[in-house]
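Residue-level structure breakdown
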Amino acid sequence: MGPKKAANDSKTPLISITSPKEEDFPSWYQQVLTKGDMLEYYDVSGCYIMKPGSYYVWEQIQGWFDGQIKALGVQNAYFPMFVSSRVLEKEKDHVEGFAPEVAWVTKAGTTDLEEPIAIRPTSETVMYPYYAKWIRSHRDLPLKLNQWNSVVRWEFKHPQPFLRTREFLWQEGHTAFLTQTEAESEVLQILDLYARVYSELLAVPVIKGRKTEKEKFAGGFFTTTTEGYIPATGRGIQGATSHCLGQNFSKMFGITVEDPNKVGEKINVWQNSWGLSTRTIGVMVMIHGDDKGLVMPPRVAQTQVVVIPCGITVKTTEEDKTNVNSGVEEIAKVLKEAGVRVITDTRDNYSPGWKFSDWELRGVPLRIEFGPMDFKKQQVMSVRRTSGAKQSIPLSDISSAVPQLLEDIQTEMYNKAKAQFDQHVVRVTKWDDFVPALNAKNLVQIPWCGVMQCEEEIKDKSARQASDEAEDERAPSMGAKSLCIPFEQPEGIVKGETKCAACGKEAIQWCMFGRSY
Ligand code: 87F
C-alpha cells in the first residue's frame, strides 16, 4: 500500500538538494552536509560546526580505532595545545615548510605576551622533549602514546568542510622502539587499521602504499598512506598516514637509551607517528551521497532505521489507527532490543511522503513502513536508502532480518564504491595516454623510474598539457601528483626492460599518480 499524498505536501516545501552531484559538485557537497544536518557554517573562515550527525560518525571511528590501538599496547594521554617558539624552532628543518600555517597567540586581553605561543599543528615538538625525559633505559621501551585532540593549521587554500579545515579533530599516535624492525612492523599494523576504518566502517575502498621521497613527511624516514578516490571529481585523496620517523627526531630531541649490549654506548630510539582525522567523514559523504542527500553506511549511522506509520487516511478506522501506531512502537522496541539504532517518526503534521524525503536527506540506511494492510498481513515493508529496493519482512522475523539487511547494505555500499574505484584506476605505459586518462577522471598507475625530478616534471607537464587541451583557457588545470607506490604492485615490470612512462629511463616500480585533494 503506497502512502496517500497529503494536502500539506505542497505547503511544506522540503529543504531538498537543488544542485545535482554530477552538475555542481561543490554546491551539492555543501547542501548535502547542511541539509543533511551534519554541519553548520561558522563565522571564522575555514572552521565549521560538527553537528551530532557527523560527530556520531567520529565517535564510531574513535571507539573502534581506540579499541584496536589499546590492544596493541597504546595508551591515551593529553598534551597541551600550546607550543613555545623555542621548542617549535627546535626541529626547524621540517617545520620550515609548514611555518606559514602555524597560528600564534600573541595577546591576552590587551597585553602583549612576553613571547608568542604557537597553537599545535601536530604534536611532535610538544611531546618529544618529554619522551627524552621519560625514556632512559631500554626497559622504558616501547613507549606508545596516542592523543585524541584537535590541531590548527592556518591554510590559505580554499577551505572545504572536513577535507581542509583550519582546525580539525584527529588522533595522533607517537611511538618509540629500540629497534627498526619493531618500528617498521608497527607502521604497517597501524596502516592496516586505517584501511579498515575506511573499508569496514565507512564502506570506502582505499589503496595502501608508500609515499615517494617527494611526498613523504619531510621529517621522517618513510611514509605510508591509504589513498582514496572521489569519483565525482576524479581526484585522489589521502586518507591517513603512518610514518616511520626513523631516528631523525630522536637525534634532534636526544631520545636515547643505554645500549643493552655495549656498556656506556647510547642508542637513538626508533620512532613512528600516525594520524587519522575527521577528513574521513568528508570522504564518506562525497563517495556515498546522491541527489537525494546523504547515504550513511549502517555501521556508522547515528540512526540506522526509521519506522514510519503509513496508509492512514480520513477513512481509516480508529481500530486500524491504533493497530498501526502501537505496531510502530512495538517494531521500534523489538529492533532496539536487537541492538538496532532505530527511531520512529510519528509527527502528525507531515505526510509519509514528506517524511520519506526528510530521512533520505539525512541518509538513514533503512526505512520501515507500517500501515493497516501491513498490520493485517503481520509484516513490514523495508526500503533501502541505497537503491530504493523494497522488501517485505514478516513481523516475526524483524529482529534477525533487519540487522542482516543493514549488514547487506553496508556490503552493497562498499562493493559499489569498490567497483567505481577499480574502474578508475587505470594502468598506462605511454606518456601520450597519461593526461587523457587523467582527464577521464582516472587515477593513473605507470611504470616509474623513482626519480624525484621526473615526478616534478610529471606534475608540470600534466598541468601544462591539460590546460592546452582544456576548452576554457582560463580553467586552472591541476598537475598530477604521485599518490603512492602501491604495496600491491601490478605485474609487468621487467628489470632492465620496462621504461618509465614519463621519462623513458628504466622503470623500477608502478607508481600511482592523480589530481588530488
Ligand atoms: C603544519 C604546520 C607545522 C603537517 C604541519 O602526519 C607542522 C606540520 O609537521 C607538520 N602539517 N605536518 C606533518 C605531520 C606529521 C605527522 N604528525 C603526527 C602526521 C600524523 C600525526
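Here the structure is shown first, and the text comes after it.
In short, a report on the structure. Just so we're clear, the structure is a prediction, and the values are computed from it rather than from any experiment. (Residues numbered from 1 in each chain as written. Predicted model: local features only at pLDDT ≥ 70, side-chain atom pairs only at ≥ 80, totals over all residues. Heavy atoms only, no water.)

Section: the pairing of strand S18 (residues 379-384)
Threshold: Note on exposure labels: buried denotes an accessible area under 20% of the residue type's maximum, exposed denotes more than 50%, and partly exposed covers the range between, all computed with a 1.4 Å probe on protein chains only. The helix and strand labels rest on DSSP assignments: H or I over at least four residues marks a helix, E over at least two residues marks a strand, and numbering proceeds from the N terminus. Only strands that DSSP links by at least two bridges are regarded as paired with each other.
In terms of burial, S18 is largely enclosed, as 5 of its 6 residues are buried. As defined by bridge partners, strand S17 (residues 366-370) adjoins S18 across 4 bridges and the pair is classed as antiparallel. Considered in S18, the bridge of Ile368 is made with Ser382. Pairing of S18 with strand S19 (residues 390-394) involves 5 bridges; the strand directions are antiparallel. Along S19, the bridge assignment pairs Ser382 with Gln391. Two successive antiparallel strands, S18 and S19, enclose a turn made up of 5 residues, where Gly388 displays a positive phi of approximately 80°.

Section: the site of the ligand
As a reminder, the rule being used: Near, as used in this document, describes a residue that has one of its heavy atoms within 4 Å of the molecule or strand being considered. Counting of polar contacts relies on pairs of N or O atoms within 3.5 Å, with two restrictions inside protein: one atom must be capable of donating a hydrogen and the other of accepting it, and residues adjacent in sequence are counted only when both atoms are side-chain atoms. Using a 1.4 Å probe, accessible areas were evaluated by the Shrake-Rupley method; residue-level cover was limited to the displayed protein chains. Under the grouping applied here, Gly and all other residues not named as nonpolar or charged are polar, the nonpolar ones being Ala, Val, Leu, Ile, Met, Phe, Trp, Tyr, Cys and Pro and the charged ones Asp, Glu, Lys and Arg.
Around the ligand sit 16 residues, and of these His94, Phe98, Thr122, Glu124 and His243 come closest. Contacts to the ligand include Thr122, whose side-chain N or O atom sits 2.9 Å from a nitrogen atom. Contact with the protein chains hides 94% of the accessible area of the ligand, taken as 470 Å² for the molecule alone. Counting residues per element, the ones that place at least two in the shell around the ligand are helix H5 (92-98), strand S8 (167-177), strand S11 (235-246) and strand S14 (270-277). Partitioning the shell around the ligand into residue classes produces 5 nonpolar, 7 polar and 4 charged.

Describing the sheet that holds strand S6 (residues 111-119)
Short version of the rule: The convention used is that axes are lines fitted to C-alpha atoms, helices contributing only their stretch in contact, and that angles between N-to-C directions extend from 0 to 180 degrees.
In space, the 3 strands of this open sheet follow the order S4-S6-S5, with antiparallel pairing throughout. Two strands lie at the open edges of the sheet, namely strand S4 (82-84) and strand S5 (104-108), each paired on one side alone. Across the sheet, the axes of successive neighbouring strands diverge by a mean angle of 50°, strand direction being ignored.

Focus: the nonpolar core
Test applied: Each nonpolar core is a collection of buried residues, namely Ala, Val, Leu, Ile, Met, Phe, Trp, Tyr and Cys, held together in the definition by side-chain atoms within 4.5 Å. We call two residues in contact when some of their heavy atoms are within 4.5 Å.
Ranked by internal contacts, the top residues of the largest apolar core, which has 47 residues, are Met38, Phe65, Leu202, Met284 and Val285. Within the residue set of this core, elements represented by two or more residues are helix H2 (25-35), helix H3 (52-71), helix H7 (180-201), S11, S14 and helix H9 (279-288). No other element matches H7, which puts 7 residues into this core. Setting aside residues up to four positions removed in sequence, Leu202 forms contacts with Val57, Ile61, Val197, Thr280, Met284, His288, Pro297, Val300 and Gln410. Within the second largest apolar cluster, 23 residues are counted, among which are Val126, Leu245, Phe249 and Ile255.

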